[in-house]
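Survey of secondary and tertiary structure
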Amino acid sequence: MKFRPLHDRVLVRRIEQQEKTAGGIIIPDTAKEKPQEGEVIAAGAGTKTEDGKLLPLDVKAGDRILFGKWSGTEVRVDGEDLLIMKESDILGIIEGSTVAKKKVA
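Presented here is a report on the structure given in the accompanying data block. Please read all numbers here as calculations on a predicted model, not as lab measurements.

Conventions used here
- Residues numbered from 1 in each chain as written.
- Predicted model: local features only at pLDDT ≥ 70, side-chain atom pairs only at ≥ 80, totals over all residues.
- Heavy atoms only, no water.
- Core = buried A, V, L, I, M, F, W, Y, C linked by side-chain atoms within 4.5 Å.
- Buried < 20%, exposed > 50% of the residue type's maximum accessible area, 1.4 Å probe, protein only.
- Helix = DSSP H or I, 4+ residues; strand = E, 2+ residues; numbered from the N terminus.
- Contact = heavy atoms within 4.5 Å.
- Pairing = 2+ DSSP bridges.
- Axes fitted to C-alpha atoms, helices over the stretch in contact; angles between N-to-C directions.
- Salt bridge = Lys/Arg side-chain N within 4 Å of Asp/Glu carboxyl O.

**With respect to the nonpolar core**
Formed by Val 10, Val 12, Val 40, Leu 57, Val 59, Ile 65, Phe 67, Leu 83, Met 85 and Ile 90, the largest nonpolar core amounts to ten residues. Within the residue set of this core, elements represented by two or more residues are strand E1 (9-14), strand E5 (64-67) and strand E7 (80-86). Of all hydrophobic cores here, the second largest spans five residues; its members include Leu 11, Ala 42, Leu 82 and Ile 84.

**Some thoughts on the environment of Ile 94**
Counting through the fold element by element, Ile 94 comes out in strand E8 (residues 90-94). Distance from Ile 94 to Arg 64, taken between C-alpha atoms, is 5.4 Å for residues 30 residues apart in sequence.

**Quick notes on the environment of Leu 82**
Locating Leu 82 in the fold gives a position in strand E7. Put simply, Leu 82 and Leu 11 are 71 residues apart on the chain and 6.9 Å apart in space, counted from C-alpha to C-alpha. If we skip the residues at most four places from it in the chain, Leu 82 touches Leu 11, Val 12, Arg 13, Thr 73, Glu 74, Val 75 and Val 77.

**Topic: the sheet that holds E7**
One open sheet accounts for six strands, arranged E6-E7-E1-E2-E5-E8; its pairing is antiparallel. Looking along the sheet, the strands with just one partner apiece sit at the ends: strand E6 (73-77) and E8. Averaged over all adjacent pairs, the angle separating strand axes in this sheet is 45°, with direction ignored.

**Some points on unusual backbone geometry**
Here the phi dihedral of His 7 falls at roughly 55°; this positive angle occurs in a residue that is not glycine. Following the sequence through the fold, His 7 ends up in the segment before E1. The phi torsion at Asp 78 lies on the positive side, around 55°, for a residue other than glycine. Along the chain, the position of Asp 78 falls in the loop between E6 and E7.

**Regarding the pattern of salt bridges**
Between side chains of opposite charge, a pair can form as their charged atoms come close. Taken as a whole, this structure holds six salt bridges when the rule is applied. Note that Arg 64 and Glu 37 form a salt bridge whose closest N and O atoms lie 2.2 Å from each other. Linking Arg 64 in strand E5 with Glu 37 in strand E2 (residues 37-43), this pair joins segments that are 27 residues apart in sequence. Comparing Arg 64 with Glu 37, the two get one shared label, buried. With its nearest N and O atoms 3.4 Å apart, the salt bridge here joins Asp 81 to Arg 76. Here Asp 81 falls in the exposed class, since its relative accessible area comes to 55%. It is possible to trace a salt-bridge network through shared partners that takes in Arg 13, Glu 39 and Glu 80.

Just distances and angles here, no functional claims.
Written out as structure tokens, the structure reads:
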């Protein structure tokens, strides 16, 4: 299935955090918080101004981002849990780092 967000919305895959602390302590699933870091999978075209001009989004597919803890709406696309959120819910883009590969259990 192909999914294309509309207007100023983006489709985001959460990037899972490490399961161990720097000291080697394993963090159980019940103590983990939902990651606030993700990868943009797809982005809408942008928003229209009052005079009809299209303002493109600042993010694009492949960008690594930070977002608020309660941001977005969880959806399931092709069996994968993803988030749809407005661009305004994104706190910033992480530059200079590669996106972590999703772990397969």
